[in-house]
Every structure is written in structure tokens, then in C-alpha cells.
Amino acid sequence: MIKIGINGAGGRMGLRIASLITQSKDCQVKLALERPGHPALGQDIGFLAGLSEKLNVLLTSDFPGKTVDVILDFSHPDATMPLLEKCQKYKIALLIGTTGFNETQIAQIRESGKTIPCLLSPNLSIGANVMFKTAAELAR
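An account of the accompanying structure is given in this report. These numbers were taken from a predicted model, which means no experiment stands behind them. (Residues numbered from 1 in each chain as written. Predicted model: local features only at pLDDT ≥ 70, side-chain atom pairs only at ≥ 80, totals over all residues. Heavy atoms only, no water.)

Moving on: the overall build of the protein chain. The helix and strand inventory of the protein chain stands at 5 helices and 6 strands. For the protein chain, the N- to C-terminal ordering of α and β elements is β-α-β-α-β-β-α-β-α-β-α. The C-alpha radius of gyration computed for the protein chain amounts to 14 Å, which stays within 12% of the reference 14 Å derived for 140 residues, consistent with globular compactness. With respect to the principal axes defined by its C-alpha atoms, the protein chain has extents near 40 × 30 × 30 Å. Taking all 140 residues of the protein chain together, 47% fall into the buried category. When contacts within the protein chain are restricted to residue pairs at least 6 apart in sequence, long-range pairs at least 24 apart make up 63% of them. Accessible surface for the protein chain amounts to roughly 7,500 Å². Of this, 50% is attributable to carbon and sulfur atoms. Looking at charge distribution, the protein chain has the averaged site of its 15 positive side-chain charges lying 4 Å from that of its 12 negative ones. (Helix = DSSP H or I, 4+ residues; strand = E, 2+ residues; numbered from the N terminus. Rg over C-alpha atoms; globule rule 2.2 N^0.38 Å. Buried < 20%, exposed > 50% of the residue type's maximum accessible area, 1.4 Å probe, protein only. Contact = heavy atoms within 4.5 Å. Areas by Shrake-Rupley, 256 points an atom, 1.4 Å probe, with all protein chains shown as cover. Lys, Arg positive; Asp, Glu negative; His and termini not counted. Charge placed at Lys NZ, Arg CZ, Asp CG, Glu CD.)

Next up, the structure:
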């Protein structure tokens, strides 16, 4: 079972990803991160995603350490860069679907790829199946 975290989990894309992950037999949402002050903090991500059951994963702004295999980031560059440091510290794979990075940030992301599995892809529109396959490969 691949344990997945979502950064930006309270946003439209994050909630859709959470919903899609529940359809996989091989993946499970284990972490739902959002910015401090987000109005949905403390709520179950399954409820927020409109699922019929709770996932027993609460939307949080606290990074708990090494609890997942990979984090899918659909947030904002200002949230991605501190997350990148945490992923390096805990050796967690990172798939970044966030856009708007400057050249310095892109260079830092590329450099992180030398120590952790890291993929920056600002357009994942070809579908959730590619995302699932990529997350599984990154987790290995």
C-alpha cells in the first residue's frame, strides 16, 4: 500500500485527488496538508472531498514527519519550498503540480532531485492514472 500525502489538500485539485485515490486498491491518503488558517483545518478530508465515508485523515497544517511514501503538491510556491526541505529531511518522494516558480526555486527543486525522488510537472492534465503510476514509482 502506497501512503500518499496531499499538500494543498483543501483546494479544488487536492480534494479531487483525494477522491480519486480512494478508488485505488494500491494507494491510500494518509496526510492532508493545508496552509495555517485555512477554514477547513481539522475536518476529515473524505468529508471535504464529498465522499460517502470518512477517511480518518484530518486536514492539518502540521507536518508530522515520515508518515507517507510520497507527497503530491498542488499548492503555491511559497508552500512548496518549505515542504521540499521537509521531504528532503525525511526522504519523502515529492510530485509537484504547482506552478509559478521562479528560476531560483526551480534550481532548488532540481537540486533536491539528487537526494529524493522529485518530479516537477506543472501540467498533469492527462489524467489521474498517470499521476497514480508516477506516485507509485516515486514511492519506490
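Compared with the 20 Å implied by 1.5 Å per residue over 14 residues, the 20 Å span of helix H3 (residues 77–90) between its first and last C-alpha is a close match. The complete set of buried residues in H3 reads Pro 77, Thr 80, Met 81, Leu 83, Leu 84 and Cys 87. The elements touched by buried residues of H3 are strand S1 (2–7), strand S2 (27–33), strand S4 (70–73), strand S5 (93–96), helix H4 (103–112) and strand S6 (118–120). Positioned one or two residues after H3, Lys 91 has a phi angle of 55°, which is positive. (Expected span 1.5 Å × (residues − 1).)

Within this structure, the stated rule accounts for 1 salt bridge. Between Lys 114 and Glu 111 there is a salt bridge, with its nearest N and O atoms 3.1 Å apart. On the basis of relative accessibility, which here comes to 65%, the residue Lys 114 falls in the exposed class. Relative accessible area serves as the criterion here: at 45%, Glu 111 is assigned to the partly exposed category. (Salt bridge = Lys/Arg side-chain N within 4 Å of Asp/Glu carboxyl O.)

As a volume, the largest pocket reaches approximately 270 Å³. Ranked by residues supplied to the lining of the largest pocket, first place goes to H3 with 5 residues. Taken together, the residues that form the lining of the largest pocket break down as 6 nonpolar, 6 polar and 5 charged. Counted as a void, the second largest pocket has a volume near 160 Å³. Taken together, Met 1, Ile 21, Thr 22, Ser 24, Lys 25, Cys 27, Gln 28, Val 29, Lys 30, Leu 55 and Val 57 form the lining of the second largest pocket. A total of 4 residues in the lining of the second largest pocket trace back to one element, the largest contributor, which is S2. Along the lines of polarity and charge, the residues of the lining of the second largest pocket split into 6 nonpolar, 3 polar and 2 charged. (1 Å grid on protein atoms, 1.4 Å probe; cavity = no way out; pocket = protein on both sides within 12 Å on 5 of 7 lines; lining within 4 Å. Points joined across faces, edges and corners; volume = space filled by probe spheres on them. Nonpolar A, V, L, I, M, F, W, Y, C, P; charged D, E, K, R; others polar.)

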